[in-house]
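# Chains, contacts and geometry: an overview
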Amino acid sequence: MNPDPAILAPTSPSPDDGRLAQHVVTLCTEARASIDEDLPRAHALAGEALTLARALGAPDPLRRALLQHGATSLRSGDAEGALDSLRAGLDLARALGDVDGQLRALVNIGVAACKLGRYGEALEVAHEGLRVARDAGDRQREFNLLLNIGVMYTEIADYGAALETYEDAQEVGATLDDPVGHAIVLNNVADVRFEMGDVAAAHDVYLRVIEVYREQGDRNAEATTLASLGQTSLRLERLTEARAWYEDALVLSRSLSEAYLECRALQGLADVARATRDHERALACCEEAMSLATRHGYLQNQILLLHSLADIFAADRDLVSAREMLERALDLALGAHLPRETYELHERLAQICADEGDFERAYAYHRAFHAGEVEVRGQQAERRVATLIVRLDVQRARQDAEIERLRNVELASANAALSRANAENAVLLDLLREQAQRDALTNLFNRRVLGERLHEEARRSALEGRPLGVILLDVDHFKRVNDTYSHAVGDAVLTRVADLLRSGCRETDTVARYGGEEFALLLPDTDADGAYLAAERLRALVERHDWERFGAGLRVTISAGVHAEVGPRDPERMLAAADTRLYMAKARGRNRVVS
């Protein structure tokens with residue numbers, strides 16, 4: 001949106017216009033001052049300022065009002081409405097040469113786009129803000145923007161880019177003499193390390209962070225870091241240490257009247273109690289945390305707590321109560337449009353219903369789980385590719401600018417080197433598109449590619465009159481592997497299973513990760529008997545593998561369902577048929593193939 005030329009045209013303001021303009025400025029100042037203490041009042045003041053500014057029509061008051069209204073809309077949860085105001089305010093700030101206004105707008109537009117899941121747009125805007133901040137020599141805004149960009153990369157699981165960005169933020173932060181800012185960078189680095197599975201490194205960084213917060217007297221940040229230390233200690237199976245960190249977080253959060261942190265600490269104590277099989281203590285902590293989460297409207301905490309309660313009941317073989325907790329959580333997730341939580345709950349409900357012997361309901365939940373997972377993973381892949389393309393565009397723009405500079409000073413050799421770097425970026429872009437077809441953990445094809453290959457092979461099967469075999473297989477009792485040996489071992493098991501499947505198949509076969517601990521195989525020119533023999537060979541290969549290298553007493557088996565047709569009219573029904581037989585294999589005791 002470009003500013004209306006009439007708005008920017010010089011006029012002769014009346015005394016009343018001057019008073020109105022000053023009133024707009026006063027309203028915006030009051031809104032900005034009260035946004036943390038009284039958000040509804042701040043939003044009302046910003047709305048009043050915007051109405052007056054529009055009636056007045058003067059560009060400077062309108063710019064102020066648009067930017068303030070965008071900021072309060074964003075804080076109020078209206079990201080779409082915030083974007084409308086912020087974009088209009090950005091156009092006016094550019095037209096007026098207001099660098100500070102541009103930076104405010106760009107920072108908030110990036111945050112709003114992030115909240116709406118538009119990470120490509122968010123990164124593009126944030127990098128524009130970074131250029132403006134650097135041109136203006138505004139190191140504080142540059143630092144803040146680098147923090148935001150690091151968070152964006154973390155959200156899309158581009159952890160390498162996040163760590164690189166935080167390194168840049170540390171360099172800028174070193175010039176600001178801001179110990180708390182330095183601690184925030186370190187905390188974000190620890191969060192990334194934790195997500196990457198490097199829990200020990202994350203724990204060590206959190207220990208450094210908490211010392212800074214204690215020195216600076218930042219009690220809220222200290223309570224948050226105490227809970228993070230509890231989480232890392234729990235993952236490292238240091239249960240006594242984890243309990244102590246969570247108890248300290250609980251005491252501090254209560255002294256600060258911070259309900260969210262209190263809820264998080266109680267959740268952590270419940271997890272520690274579950275790990276030590278103290279189910280009575282785990283239930284008490286969950287129920288207390290649930291009361292807090294319900295009273296304050298912490299929806300995602302409620303979902304997590306209901307999931308924990310279900311696990312406690314399931315461990316005590318109270319499957320009915322476990323299913324009821326999960327169904328309550330599912331209702332909350334569906335009502336709040338939380339796709340990831342929804343498909344995870346569908347998966348757990350499928351397991352509970354199967355354990356109850358209700359295979360029809362288990363199958364329905366299982367199908368819902370897979371449909372939700374493929375949608376979420378597809379969206380994640382699209383976001384990752386979009387943001388990586390933005391990164392390459394930013395790098396290319398920098399290199400183009402440097403090439404032009406070097407051309408002007410006749411540094412031909414450096415110019416050639418940068419030109420080669422641009423060509424390498426083009427190759428990298430092709431590689432990124434290839435990576436978008438692969439599962440990040442196992443490097444197998446992902447479910448989207450499986451669907452494309454399935455339809456291609458079905459068409460070829462119909463055209464040539466040759467059979468097409470499909471195998472769906474699942475790692476048996478995989479949740480026990482995660483719970484007993486850690487998620488890191490679980491990931492290693494999935495990676496090794498993928499390697500075994502790949503090594504046991506032909507070059508013409510397609511091996512894909514179907515979701516979670518499930519894998520799918522397409523076998524061209526293979527009838528039902530051939531597909532059964534292939535599945536049985538793979539089952540035996542997994543069963544005979546030496547799994548104890550990953551953990552003492554570890555044993556891994558797989559169950560498989562097989563289906564084959566000639567010229568299938570509905571390829572998706574082939575997967576459904578194989579899936580039904582996979583459930584039959586599990587119902588018959590697992591570690592077997594059903595065709």
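Described in the following lines is the structure provided in the data block. Everything quoted here is computed from the prediction, not taken from an experiment. (Residues numbered from 1 in each chain as written. Predicted model: local features only at pLDDT ≥ 70, side-chain atom pairs only at ≥ 80, totals over all residues. Heavy atoms only, no water.)

## Comments concerning the overall build of the chain
Secondary structure assignment for the chain yields 25 helices and five strands. When burial is assessed residue by residue, the chain has 49% of its 595 residues classed as buried. Excluding contacts between residues fewer than 6 apart, the proportion of contacts in the chain whose partners are at least 24 apart in sequence is 63%. As presented, the chain carries roughly 28,200 Å² of accessible surface, and 49% of it is formed by carbon and sulfur atoms. (Helix = DSSP H or I, 4+ residues; strand = E, 2+ residues; numbered from the N terminus. Buried < 20%, exposed > 50% of the residue type's maximum accessible area, 1.4 Å probe, protein only. Contact = heavy atoms within 4.5 Å. Areas by Shrake-Rupley, 256 points an atom, 1.4 Å probe, with all protein chains shown as cover.)

## Details of the nonpolar core
In this structure, Leu305, Leu309 and Leu345 are the most contacted members of the largest nonpolar core, which totals 67 residues. Per-element accounting of this core gives the leading share, nine residues, to helix 14 (residues 259-275). Excluding residues that lie within four positions of it along the chain, Leu345 makes contacts with Ile303, His307, Leu326, Ala329, Leu330 and Ala333. With 41 residues, the next largest nonpolar core counts Ala105, Val125, Ala161 and Tyr166 among its residues. (Core = buried A, V, L, I, M, F, W, Y, C linked by side-chain atoms within 4.5 Å.)

## Focus on the pairing of strand 3 (residues 518-524)
Within strand 3, seven of the seven residues are buried, which leaves the element mostly enclosed by the surrounding structure. The side-chain alternation of strand 3 yields two buried faces, one formed by Glu518, Ala520, Leu522 and Pro524 and the other by Phe519, Leu521 and Leu523. As defined by bridge partners, strand 1 (residues 467-475) adjoins strand 3 across seven bridges and the pair is classed as antiparallel. Among the inter-strand pairings, Leu468 is bridged to a residue of strand 3, identified as Pro524. Counting the residues in the hairpin turn of strand 2 (residues 510-515) and strand 3 gives two residues, including Gly516, whose phi is positive at 60°. (Pairing = 2+ DSSP bridges.)

## Considerations on the side chain of Arg513
Within the secondary structure, Arg513 sits in strand 2. Its relative accessible area of 12% is what places Arg513 among the buried residues. Of note is the side chain of Arg513, whose polar atom sits 3.2 Å from the side chain of Asp439. Other than its neighbours up to four places away in sequence, Arg513 contacts Asp439, Leu441, Thr442, Leu444, Phe445, Asn446, Arg447, Leu494, Glu518 and Phe519. (Polar contact = N/O pair within 3.5 Å; in protein donor to acceptor, adjacent residues only side chain to side chain.)

## Considerations on the packing of aromatic side chains
A full pass over the atoms with the stated rule returns four aromatic pairs. In this arrangement the basic side chain of Arg453 is found over the ring face of Phe445, its NZ or CZ atom lying 4.4 Å from the centre. Lying over the aromatic face of Phe550, Arg549 brings its terminal NZ or CZ to 5.7 Å of the ring centre. (Phe/Tyr/Trp six-rings, centres within 6.5 Å; stacked < 30°, edge-to-face > 60°. Lys NZ or Arg CZ within 6 Å of the ring centre and 35° of its normal.)

## Concerning the environment of Ala265
By the element assignment, Ala265 lies in helix 14. Considering only alpha carbons, one finds Ala265 and Ala249, 16 residues apart in sequence, at a separation of 5.9 Å.

## Notes on the pattern of salt bridges
Counted under the stated rule, the structure contains 43 salt bridges. Residue Glu142 is joined to Arg139 by a salt bridge in which the shortest nitrogen-to-oxygen separation is 3.1 Å. Of this pair, Glu142 and Arg139 both sit in helix 8 (residues 139-155), three residues apart, roughly one helical turn. Residue classification places Glu142 among the buried positions, given a relative accessible area of 5%. The class of Arg139 is partly exposed, set by a relative accessible area of 35%. (Salt bridge = Lys/Arg side-chain N within 4 Å of Asp/Glu carboxyl O.)

## Focus on the pairing of strand 2
Buried residues dominate strand 2, accounting for six of its six residues. In this structure, strand 2 lies alongside strand 3, joined through five bridges in antiparallel fashion. Across the sheet, Val511 pairs through a bridge with Leu521, a residue of strand 3.

## Notes on the packing of helix 10 (residues 179-195) against helix 11 (residues 199-216)
Between helix 10 and helix 11, the least distance of the axes is 8 Å, while the angle of their chain directions is 160°. When the axis of helix 10 is compared with that of helix 11, the two are roughly antiparallel. For helix 10 against helix 11, the interelement crossing comes out left-handed. Between helix 10 and helix 11, the contacting residues are Pro179, Val180, Ala183, Ile184, Leu186, Asn187, Ala190, Asp191, Arg193 and Phe194 on the first element and Val199, Ala202, Val205, Tyr206, Arg208, Val209, Val212, Tyr213 and Gln216 on the second. Of the residues belonging to the contact of helix 10 with helix 11, the class tally is 14 nonpolar, two polar and three charged. (Axes fitted to C-alpha atoms, helices over the stretch in contact; angles between N-to-C directions. Parallel < 35°, antiparallel > 145°, perpendicular 65-115°, else oblique. Left-handed = near helix turned anticlockwise from the far one by under 90°. Nonpolar A, V, L, I, M, F, W, Y, C, P; charged D, E, K, R; others polar.)

## Here we look at unusual backbone geometry
Excluding glycine, residues mostly have negative phi values, and the peptide bonds linking residues are mostly trans. Positive phi values are uncommon outside glycine, yet Asn443 reaches one of about 65°. For Asn443, the position within the fold is in the loop between helix 20 (412-435) and helix 21 (447-464).

## Brief notes about the packing of helix 6 (residues 99-115) against helix 8
Relative placement of two packed helices is described by the angle separating their axes and the distance separating the axes. Contact geometry of helix 6 with helix 8 gives a least axis separation of 11 Å together with a crossing angle of 10°. Comparing their axes, helix 8 and helix 6 come out roughly parallel. Read as a crossing pair, helix 6 and helix 8 show a hand that is left-handed. Contacts between helix 6 and helix 8 pair Asp100, Leu103, Arg104, Val107, Gly110, Val111 and Cys114 from the former with Arg141, Leu145, Asn148 and Met152 from the latter.

## A closer look at the sheet that holds strand 3
Read from one edge of the open sheet, five strands run 2-3-1-4-5, paired in mixed fashion. For this open sheet the edge positions go to strand 2 and strand 5 (593-594), each flanked by a neighbour on one side alone. In this sheet, strand 5 lies alongside strand 4 (residues 558-566) in parallel orientation, the contact comprising two bridges. The residue of strand 5 that forms the bridge with Gly561 is Val594. Along the sheet face, helix 23 (residues 487-503) touches strand 1, strand 2 and strand 3 and points at about 10° away from the line of strand 3. Lying on the sheet, helix 25 (residues 571-587) is in contact with strand 1, strand 2, strand 3, strand 4 and strand 5; it crosses strand 4 at an angle near 145°.

## Examining the environment of Ala105
Among the secondary structure elements, Ala105 is positioned in helix 6. By relative accessible area, which is 0% here, Ala105 ends up buried. Along the backbone, Ala105 and Ala88 are 17 residues apart, and their C-alpha atoms lie at a distance of 9.2 Å. The contacts of Ala105, once residues within four sequence positions are left out, are Leu67, Leu86 and Leu90.

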